[in-house]
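One-letter residues, chain by chain:
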Amino acid sequence: MTGKVTSEAPADGPEENASELAKGPAEPLEEVAASGSPREEQAPVPTTTNPAPPSEDVPSAPLLLTVENVSDSSVTVSWEPPERLGRPGLQGYLLELRREGASEWVPVNARPMMVTQQTMRNLALGDKFFLRVAAVSPAGAGPPAVLDQPVHIRETIEVPKIRVPRHLRQTYICQVGESVNLQIPFQGTPKPQVSWTHNGHAVDSQRVSVRTGQQDSILFIRSAQRSDSGCYELAVRLGSLEVKAAINILVTEKPGPPSSIKLLDVWGCNAALQWTPPQDTGNMELLGYTVQKADRKTEQWFTVLERYHPTTCTISDLVVGNSYSFRVFSENLCGLSASAAVTKELVHIQKAEIIAKLKGFVERDFSEAPSFTQPLADHTYTPGYSTQLFCSVRASPKPKIVWMKNKVSIEGDPKYRALSEQGVCTLEIRKPSAFDSGVYTCQATNALGEASVHCRLEVKASATH
């Protein structure tokens, strides 16, 4: 049988564990574990009453005793069953330790346990000891398997790492007056030294608060200012090992208004404006400019252009007789500038003088013979579905439209419906069959002449299954 078990570390002295080992069925094991240090109060065992068990009844030593894992407070060992289990069978295994400098072996488990892996916990840093394990049968304990090297409990060193959150891998943007709260997880054992720098210098403790725990470091700015922008670098150091992570912060605000604005020209119903970019862009690129107009009568502002990038523009469709003012805002991601650049003078849209020039009226004759501007097109249809034929004709006066099938007029046939509206001629065929296949003609006639167009209509029988 194989299995795993967890044990507490035994006390420094062997007496208490040895007394517990005396309880239970493995009494021969007690003698093996306590040999070399017999208790004074224990009476000697007569050799005549307890002869040594035959070698076939005692199991051999366990195989491949190995240390699986060592941490700063525990150790895990494993082994393989012995080659010979003994004729009475195997009761379990007994694990013992001997601290460095001591001569006695102390049992880890009070009774034999049927496991081949055992973990000892609650060990102290700096402990150094040897381990051995013996197989136990009802006839007694076999020879132990002993580790070649002592086990040393040392502090575990974990390489420092910084895990920057995904949203902080790009520039972190906030507005003036907002709080900045960045939580950066890190790893490292024992606890590493953590430090922050701003643009290569130590952070200003008057403006920036840093709180570092066991697994993360928090950088906090209560009310961000534009001077807080820059590169913040987190350094995690553990001895000679060091890892760094950079976080860029950009503190922005609304831009200032354009520096100046002037009227370039006015002509007709148009006005041309020009302005200069703002001196303060709010610590980020501009998205453009918003241009507005207001007439003197209503004094209400209306947006003409939004997120307009050039610094010159022409405003059209101004109303004749009105007077206008214009203003321009700057815009970035934080919004429009708090104020705008406004034109100083009003723009007056003058009424242009209209001089009527009369010309003699010449009457035009619009009469013309029929001509088709859109001919009929050949079609193929499936029976059972109504279809339509279309063509367009131009003529003055309005022509007479006659539809024919295979050169025979179909006027009055209830299967057909002819329509003509504003020169568009339509022939509707209600649920055509194979009998309706043929050549269709649309003929237009008026006093000045006639014209006709043709098309072929083919109605195919649908496939049957």
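That block above? That's the structure.
A quick note: this is a predicted structure, and the numbers were derived from the prediction, not measured.

1. Here we look at unusual backbone geometry
Moving on, step 1. Of the consecutive residues Ser-396 and Pro-397, the connecting peptide bond is found in the cis state with omega at 0 degrees.
Moving on, step 2. Along the polypeptide, Pro-397 turns up in the loop between β31 (387–396) and β32 (400–405).
Moving on, step 3. A positive phi angle, close to 55 degrees, is found at Asn-199, a residue other than glycine.
Moving on, step 4. Tracing the backbone through its elements, the reader meets Asn-199 in the loop between β14 (193–198) and β15 (201–202).

2. Some thoughts on the nonpolar core
It is characteristic of soluble globular proteins that their nonpolar side chains tend to be buried jointly.
Moving on, step 1. Counting 22 residues, the largest nonpolar core has Ile-162, Val-180, Leu-182, Trp-196, Tyr-232 and Ile-249 as the members making the most contacts within it.
Moving on, step 2. Looking at this core, the elements that each hand over two or more residues are β12 (172–175), β13 (180–189), β17 (216–221), β18 (230–238) and β19 (241–252).
Moving on, step 3. Phe-372, Leu-376, Ile-410 and Val-453 belong to the second largest nonpolar core, which has 19 residues in total.

3. What to know about the side chain of Arg-132
Moving on, step 1. If you trace the backbone, Arg-132 turns up in strand β7 (residues 128–137).
Moving on, step 2. Here the side chain of Arg-132 touches Glu-96 through a polar contact of 2.7 Å, side chain to side chain.

4. Remarks on the sheet that holds β17
Within a beta sheet, neighbouring strands are joined by backbone hydrogen bonds and run either parallel or antiparallel to one another.
Moving on, step 1. Taken together, four strands build an open sheet; the order of strands is β11-β13-β17-β16 and the sheet is antiparallel. For this open sheet the edge positions go to β11 (158–162) and β16 (209–212), each flanked by a neighbour on one side alone. Across the sheet, the axes of successive neighbouring strands diverge by a mean angle of 20 degrees, strand direction being ignored.
Moving on, step 2. As paired elements, β13 and β17 share six bridges and run antiparallel to each other. Counterpart to Asn-181 in the pairing with β17 is Phe-220.

5. Here's the deal with the sheet that holds β12
Moving on, step 1. Ordered by their spatial adjacency, five strands build an open sheet running β12-β19-β18-β14-β15, and the pairing between neighbours is mixed. Sheet topology places β12 and β15 at the edges, where each strand pairs with a single neighbour.
Moving on, step 2. Pairing of β14 with β15, which is carried by two bridges, proceeds in the antiparallel orientation. Each residue of the ladder has a partner; that of Thr-197, found in β15, is Ala-202.

6. Remarks on the packing of aromatic side chains
Moving on, step 1. One pass over the structure, following the stated rule, counts five aromatic pairs.
Moving on, step 2. Arranged with centres 5.6 Å apart and planes meeting at 70 degrees, the rings of Trp-275 and Tyr-289 form a pair that is edge-to-face. In this pair, Trp-275 sits in strand β21 (residues 270–275) while Tyr-289 sits in strand β22 (residues 288–295), placing the two residues 14 residues apart along the sequence. Each member of the pair, Trp-275 together with Tyr-289, is buried.
Moving on, step 3. Ring centres 6.4 Å apart and planes at 20 degrees place the aromatic pair Tyr-324 and Phe-326 in the stacked group.
Moving on, step 4. Members of the aromatic cluster, connected to one another through ring pairs, are Trp-275, Tyr-289 and Tyr-308.
Moving on, step 5. Directly above the aromatic system of Phe-435 lies the positively charged group of Lys-405, at a separation of 4.4 Å from the ring centroid.

Here is what the cut-offs are and how they apply
What you see as residue numbers is a count from 1 along each chain, following the sequence as written. Residue-level local features of this predicted model are given only where pLDDT is at least 70; pairs of side-chain atoms are given and counted only at 80 or more, and the full residue set underlies all totals for whole chains, interfaces and linings. Hydrogens are left out, water is left out, and the side-chain values use all remaining heavy atoms of the structure. Where helices and strands are cited, they refer to DSSP runs of H or I of at least four residues and of E of at least two residues respectively, numbered from the N terminus. Among buried residues, those of type Ala, Val, Leu, Ile, Met, Phe, Trp, Tyr and Cys that are joined through side-chain atoms within 4.5 Å constitute a nonpolar core. When a residue's accessible area, from a 1.4 Å probe over protein chains only, is under 20% of the maximum for its type it is buried; when over 50% it is exposed; and in between it is partly exposed. In protein, a polar contact means a hydrogen-donor-capable atom and an acceptor-capable atom, both N or O and within 3.5 Å, with residues adjacent in sequence counting only if both atoms are side-chain atoms; elsewhere, any N or O pair within 3.5 Å suffices. Paired strands, as defined in this entry, are two strands with at least two bridges between them according to DSSP. Comment: axis = line fitted to C-alpha atoms, over the contacting stretch for helices; angle = value between 0 and 180 degrees taken between N-to-C directions. Centres within 6.5 Å are what make two rings of Phe, Tyr or Trp a pair, Trp counting through its six-membered ring; a difference in plane orientation under 30 degrees is then read as stacked, over 60 as edge-to-face, and the rest as tilted. We call a charge positioned over a ring when the NZ of a Lys or the CZ of an Arg lies within 6 Å of the ring centre and within 35 degrees of the ring normal.

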